[in-house]
Amino acid sequence: MHTLAIVAKRDKQEAVALAARIRERYPHLTVLAERYLSHSLGWPRVEDRELAQRAELVIVLGGDGTLIYTARLLAGRGVPILGVNLGSLGFMTEIPVDELFSTLDEVLAGRFKVDSRMKLTCRLVREGKTVLEDEVLNDVVINKGALARISDHETSIDGVPITTYKADGMILATPTGSTAYSLSAGGPIVHPSVDCTILSPICSHALTQRSIVVPADRTIRVTLRKETADTYLTLDGQTGHSLQGGDCIEVVRSPNRVNLVRNPHMAYFTILRQKLHWGER
Ligand SMILES: NC(=O)c1ccc[n+]([C@@H]2O[C@H](COP(=O)([O-])OP(=O)(O)OC[C@H]3O[C@@H](n4cnc5c(N)ncnc54)[C@H](O)[C@@H]3O)[C@@H](O)[C@H]2O)c1
Ligand SMILES: Nc1ncnc2c1ncn2[C@@H]1O[C@H](COP(=O)(O)OP(=O)(O)OP(=O)(O)O)[C@@H](O)[C@H]1O
């Protein structure tokens, strides 16, 4: 590896100092910084697209939100991402700060494994036309505004109607996203090595309308009734779009994946146990 890139949580001084230390420690490598960080460090500005093209490893200094932001910045590139936790939860930013340099030494020596995480492609189809297409690592959320009435979500899988969820909204999550919003909505925890899509209604009015786990290669469509108003589409908690009655949200597995460098000292269930406070073994 010759070129590293660093993406840091915005306005986090600890991250700025760490980035400077990374460059000092590996003077033989090219170290690029994402736009906001390069501004704080006084390094040359590199556009997102160039960073995504040149980086052979991306170090994320932040929390889960910063890692999601990075996955979006890299778009379809499957370059390994090393997440160092400077946030609060750190489900995906698995490496504690005090293990950053020991882990990085191993990674640069080629001794590392990645977790290949699936993404979903989301299309917003309005009057038969795709008006938006994007990818998510966590989830696609359809949600109503504060004053909107309960919504009907006509849901089909591969064209076969399954039910009309009467709910405040719907979450279509990846296994990675199963521990995020979907979990709060009563969805299952899914190991990230299982490729699937999880449909979770938000505060479903019918108690029998529960989360469903579907093989990843199925196409899920959620259509809003014509009279639906004040409803929004949120992708990975990062971008928001206003929805209209009759809109169809289509979700399929993306051909692109996100490769997270694994913490060799932490199994997935160790992370779960710690983050979800399940107590000692
Ligand atoms: N009620 C809820 O639980 C709720 C509401 C809105 C959004 N969210 C989630 O927030 C995500 C965006 O995260 P953010 O950090 O940018 O927003 P944020 O700053 O609002 O944080 C939401 C929390 O979710 C955690 N989180 C994010 N992804 C996770 C994952 N895959 N597994 C476990 N925890 C995770 C974050 O660490 C943070 O504590 C969305 O994709 C959505 O799933 C959750
Ligand atoms: N370098 C960045 N440039 C632009 N936006 C960023 C950058 N880093 C983070 N963000 C955005 O700011 C949000 C901030 O993240 P936040 O402060 O919630 O911390 P986090 O990384 O999610 O950590 P945690 O939630 O675990 O404390 C992210 O969801 C992302 O949208």
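Predicted model only: the values in this text are computed from it and were never measured. (Residues numbered from 1 in each chain as written. Chains lettered and ligands numbered in written order. Predicted model: local features only at pLDDT ≥ 70, side-chain atom pairs only at ≥ 80, totals over all residues. Heavy atoms only, no water.)

Asks: Could you clarify how one ought to interpret helix α1 (residues 13-25) in this entry?
Replies: Side chains of residues three or four places apart in an α-helix project in the same direction, reflecting 3.6 residues per turn. Relative to the 18 Å expected for 13 residues at 1.5 Å per residue, α1 spans 19 Å between its end C-alpha atoms, a close match to the ideal helical length. For α1, the set of buried residues is Ala 15, Val 16, Leu 18, Ala 19 and Ile 22. Looking straight down α1, one finds its buried side chains confined to an arc of 165°; they lie on one side. Opposite the packed face of α1, turned more than 90 degrees from it, sit the exposed residues Gln 13 and Glu 24. Considering only its buried residues, α1 is in contact with β1 (3-8), α2 (35-41), β3 (57-62) and α5 (100-108). (Helix = DSSP H or I, 4+ residues; strand = E, 2+ residues; numbered from the N terminus. Expected span 1.5 Å × (residues − 1). Buried < 20%, exposed > 50% of the residue type's maximum accessible area, 1.4 Å probe, protein only. Arc of directions from axis to C-beta. Contact = heavy atoms within 4.5 Å.)

Asks: Just to check I follow, could you spell out the site of ligand 2 for this structure?
Replies: Every one of the 14 residues lining ligand 2 counts as a neighbour, but Ala 8, Gly 63, Gly 65, Thr 66 and Ser 88 are closest to it. Interatomic distance of 3.3 Å between a side-chain N/O atom of Glu 34 and a nitrogen atom of ligand 2. Side-chain polar atom of Tyr 69 to a nitrogen atom of ligand 2: 3.3 Å apart, as the coordinates give it. Look at ligand 2: alone it shows 610 Å² of surface, and the protein chains cover 71% of it. With four residues, the single largest contributor to the shell around ligand 2 is helix α4 (residues 64-73). Taken together, the residues of the shell around ligand 2 break down into four nonpolar, six polar and four charged. (Near = heavy atom within 4 Å. Polar contact = N/O pair within 3.5 Å; in protein donor to acceptor, adjacent residues only side chain to side chain. Areas by Shrake-Rupley, 256 points an atom, 1.4 Å probe, with all protein chains shown as cover. Nonpolar A, V, L, I, M, F, W, Y, C, P; charged D, E, K, R; others polar.)

Asks: Help me understand the UniProt feature "active site" (unreviewed entry) in the protein chain in this model?
Replies: As recorded in UniProt, the feature "active site" (unreviewed entry) lies at Asp 64. Structurally, Asp 64 can be placed in helix α4. Aside from chain neighbours lying at most four places away, what touches Asp 64 is Leu 89, Gly 90, Phe 91, Met 92 and Thr 93. (UniProt positions renumbered as here; feature names shortened; annotations may be inferred.)

Asks: Looking at this model, I keep getting lost on the site of ligand 1. Mind explaining?
Replies: As a structural note, the neighbourhood of ligand 1 is formed by 16 residues, with Asp 64, Asn 138, Asp 139, Thr 179 and Ser 184 the closest of them. A distance of 2.9 Å is found between a nitrogen atom of ligand 1 and a side-chain nitrogen or oxygen belonging to Asn 138. At 3.0 Å, a backbone N or O of Tyr 181 approaches an oxygen atom of ligand 1. Here ligand 1, which alone exposes 780 Å², has 65% of that area covered by the protein. Secondary-structure elements contributing two or more residues to the shell around ligand 1 are α4 and α6 (181-184). The element contributing the most residues to the shell around ligand 1 is α4, with three residues. Class assignment of the residues belonging to the shell around ligand 1 gives a composition of six nonpolar, seven polar and three charged.

Asks: I would appreciate a short explanation of the packing of α1 against α5 in the present structure.
Replies: How two helices pack is summed up by the angle between their axes together with the distance between the axes. At a minimum axis distance of 12 Å, the contact between α1 and α5 shows a crossing angle of 40°. Compared by their axis directions, α1 and α5 come out oblique. For the crossing formed where α1 meets α5, the hand is right-handed. The residues of α5 that touch α1, namely those facing Leu 18, Arg 21, Ile 22 and Arg 25, are Leu 100, Phe 101, Leu 104 and Asp 105. Its residues assigned to classes, the contact of α1 with α5 shows five nonpolar, no polar and three charged. (Axes fitted to C-alpha atoms, helices over the stretch in contact; angles between N-to-C directions. Parallel < 35°, antiparallel > 145°, perpendicular 65-115°, else oblique. Left-handed = near helix turned anticlockwise from the far one by under 90°.)

Asks: Explanation requested: the nonpolar core in the structure shown.
Replies: Looking at soluble globular proteins, one finds that nonpolar side chains tend to be buried together. Counting 26 residues, the largest nonpolar core has Ile 22, Ile 59, Leu 61 and Leu 100 as its most contacted members. Counting residues per element, this core draws most heavily on α1, which supplies five residues. In this structure, Leu 61 is in contact with Ile 6, Val 7, Ala 8, Lys 9, Ala 15, Leu 18, Ala 19, Thr 66, Val 84 and Leu 86, ignoring residues within four places of it in sequence. Core analysis: the next-biggest nonpolar cluster, separate from the first, contains 23 residues, Leu 132, Val 136, Ile 142 and Ile 220 among them. (Core = buried A, V, L, I, M, F, W, Y, C linked by side-chain atoms within 4.5 Å.)

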